[in-house]
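Descriptive structure summary
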Amino acid sequence: MAESDSRDSKTADAESRDKVSIIVFSGDMDKAFAAFNIATGAAASGMEVTMFFTFWGINMLKKTTGRRGASSFLGKMFDLLLPKGPAKLPISKMNMGGVGAALMRRQMAAKKVQPLSGFMELARELGVKIVACSMSMDVMEVPKEDLVGVDEFAGVAAFLKEAAESKITLFV
Amino acid sequence: MAESDSRDSKTADAESRDKVSIIVFSGDMDKAFAAFNIATGAAASGMEVTMFFTFWGINMLKKTTGRRGASSFLGKMFDLLLPKGPAKLPISKMNMGGVGAALMRRQMAAKKVQPLSGFMELARELGVKIVACSMSMDVMEVPKEDLVGVDEFAGVAAFLKEAAESKITLFV
Amino acid sequence: MAESDSRDSKTADAESRDKVSIIVFSGDMDKAFAAFNIATGAAASGMEVTMFFTFWGINMLKKTTGRRGASSFLGKMFDLLLPKGPAKLPISKMNMGGVGAALMRRQMAAKKVQPLSGFMELARELGVKIVACSMSMDVMEVPKEDLVGVDEFAGVAAFLKEAAESKITLFV
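About the criteria used
Residues numbered from 1 in each chain as written. Chains lettered and ligands numbered in written order. Predicted model: local features only at pLDDT ≥ 70, side-chain atom pairs only at ≥ 80, totals over all residues. Heavy atoms only, no water. Least-squares fit on C-alpha atoms with pLDDT ≥ 70 in both. Contact = heavy atoms within 4.5 Å. Buried area = accessible area lost by both parts, 1.4 Å probe. Salt bridge = Lys/Arg side-chain N within 4 Å of Asp/Glu carboxyl O. Polar contact = N/O pair within 3.5 Å; in protein donor to acceptor, adjacent residues only side chain to side chain. Axes fitted to C-alpha atoms, helices over the stretch in contact; angles between N-to-C directions. Helix = DSSP H or I, 4+ residues; strand = E, 2+ residues; numbered from the N terminus. Parallel < 35°, antiparallel > 145°, perpendicular 65-115°, else oblique. Left-handed = near helix turned anticlockwise from the far one by under 90°. Nonpolar A, V, L, I, M, F, W, Y, C, P; charged D, E, K, R; others polar. Buried < 20%, exposed > 50% of the residue type's maximum accessible area, 1.4 Å probe, protein only. Pairing = 2+ DSSP bridges. Arc of directions from axis to C-beta.

What to know about the relation of the copies chain B and chain A
Between chain B and chain A, which share one sequence, the superposing operator has a rotation angle of 120 degrees and an axial displacement of 0.0 Å; the RMSD is 0.0 Å. What we have between these two chains is a three-fold relation. In this assembly, only 14% of the residues forming the interface of chain B have copies in chain A that are likewise at the interface, indicating a heterologous arrangement.

Considering the interface of chain B and chain A
Interfaces are often sized by the amount of accessible area the parts lose when they come together. Contact residues are listed per partner, giving 28 residues for chain B and 26 residues for chain A. Summing the contributions of chain B and of chain A, the shared interface buries around 2400 Å²; its carbon and sulfur component is 75%. Contact with chain A buries area across many residues of chain B, yet B:Lys93, B:Met94 and B:Gln107 alone supply 23% of it, more than any other trio. Here chain B and chain A share two salt bridges between them. For B:Lys111, the salt bridge identified is with A:Glu141, shortest N-O distance 3.5 Å. At the surface where chain B touches chain A, the tally comes to six residue pairs in polar contact (both at pLDDT 80 or more).

With respect to the relation of the copies chain A and chain C
Once turned by 120 degrees and shifted 0.0 Å along the axis, chain A lies on chain C with an RMSD of 0.0 Å. Both copies present different contact surfaces, since only 14% of the interface residues of chain A are interface residues in chain C too.

Some words on the packing of helix α3 (residues 99-110) of chain A against helix α2 (residues 73-81) of chain C
One can describe the packing of α3(A) onto α2(C) by two numbers: an axis separation of 10 Å at closest approach and a directional angle of 125 degrees. The angle between α3(A) and α2(C) places the two elements in the oblique class. When you trace α3(A) past α2(C), the crossing you get is left-handed. Residues A:Leu103, A:Met104, A:Arg106 and A:Gln107 of α3(A) touch α2(C), and the partners they reach there are C:Leu74, C:Gly75, C:Met77 and C:Phe78. Its residues placed into classes, the contact of α3(A) with α2(C) shows five nonpolar, two polar and one charged.

With respect to the pairing of strand β3 (residues 129-133) of chain B
Residue and element names in this part refer to chain B. Within β3, five of the five residues are buried, which leaves the element mostly enclosed by the surrounding structure. Every second residue of β3 is oriented toward a common face, with Lys129, Val131 and Cys133 on one face and Ile130 and Ala132 on the other, all of them buried. As paired strands, strand β2 (residues 48-53) and β3 are joined by four bridges and run parallel to one another. Its bridge partner being in β3, phenylalanine 53 is matched across the sheet by alanine 132. Both β3 and strand β4 (residues 152-154) contribute to a ladder of three bridges, which runs parallel. Residue pairing for β4: valine 131 is matched across the bridge by glutamate 152.

A closer look at the side chain of C:Ser21
Residue and element names in this part refer to chain C. The residue serine 21 is located in strand β1 (residues 19-24) in this model. A relative accessible area of 0% places serine 21 in the buried class. Here the side chain of serine 21 touches serine 166 through a polar contact of 2.7 Å, side chain to side chain. Residues within four places of serine 21 in sequence aside, it is in contact with Thr50, Phe159, Glu162, Ala163, Ser166, Ile168, Thr169 and Leu170.

Describing the interface of chain A and chain C
Between chain A and chain C, the residue contacts involve 28 residues of the former and 26 residues of the latter. For the pair chain A and chain C, the summed buried surface comes to about 2400 Å²; carbon and sulfur atoms form 75% of the total. When the buried area of chain A at its contact with chain C is split by residue, A:Lys93, A:Met94 and A:Gln107 rank highest and sum to 22% of it. At the junction of chain A with chain C, the criterion picks out two salt bridges.

With respect to helix α2 (residues 73-81) of chain A
Every α-helix winds through 3.6 residues per turn, so residues three or four apart in the chain are directed the same way. Those residues of α2(A) not exposed but buried are A:Leu74, A:Gly75 and A:Phe78. All buried residues of α2(A) project into a common sector of 105 degrees when viewed along the axis, lining one side. α2(A) presents A:Phe73 and A:Leu80 as exposed residues on the side facing more than 90 degrees away from its buried surface. Considering only its buried residues, α2(A) is in contact with α5 (134-139) of chain A together with α3 (99-110) of chain B.

The structure is reproduced here in structure tokens:
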């Protein structure tokens, strides 16, 4: 069941490849890092990976420029206060107004670990499916045009279908 | 092994239905929302869902009125400081002393998303099994009478039995 | 596939025993508690358990004394600011500079729940496999000599292999 590494022939042996489903609820840099590390590791070893971004997890999919933004007062507040893109995420501990996150990014670079944006790029190259939660986008008033690199906009039902066929299911 | 749950016609196809097991450790409104969204989505599509509430997750099962309360000093502190029921939970980010949680609830209502209490009600109607962790209740001195809508009081062993038969296992 | 409960003949039927894989990302006492409670419960009921400690989860594996420490400025900061060992972890809510964590430990002791260190000891006795994430150790400049009770130092690929064979996979 786990013998295939054929990244290219995605459709052909979809049935026989091990699946991994990850819900990315968190908008923290360190947790996002863990999620993409697992996702790319799994995809590189031939597994079929789906990441379902919901709630704060939507933040890291946002474009950093040229956004359309929200219309209501609360939507504008979300737009103003929430980070846009992988380079702006806080860390879950010792963030210290962003200083901790900056230091962590620096330390990772010093240790030759690629940045979160690099991991996200790698995930796309390896065929990881990026799904954005449509309900979260509606609540936070994030239009599709404000996100980048999303393969599918869907609800929880779509995720559950993938997850029920997955060997590994995680909530990050 | 899991055939005794006859809420409706649950017994008939218990063996053949996909199972989902969710540990709700968090007491944050946004995470609870995600957990119940997944749980109700899964139950609505015919899966058999068990939610195991432990630690801060116990808070959302509490009655809002008529509580008996704890006896020891620390138990009284937990009773005083921890939120009671779904409408009182903080959010995990930007809670700002409850203002953030209130704004989030308001935005969800504006977007016609039902409140957490509605999702919890729906979960019960759909036959989601609500289990409260007995060890957490003991540590936090929460008597059974203070909780509402619980199907079973159990320890981690009971959860593991369900989880080992589940297609989807999540820690929220 | 799930019919064996033979704790003793660990090697003999390794293939047929249910597996549990837990990623311990969090460095919070309460979450660590939940993770070890699940791990020991599963191991006690005959399952094969692997815990993969990454990021802040590394903290609880640290020796409390005789550490070699890090070399770079940031490494020294991590060394200085992050807790060492299970007795020093904060709790995820109401930590209040450590007061909350201390009160929680006290309450658990009053309720005859063993401390986290006891659960960790029990996990080792029950044969739970403790894996430390080598990338996290590199980034945080934690040398192997500073950790205690680790069975294996490995990357995400090793975890994925175990997880793909597991009935229960959790991210804590």
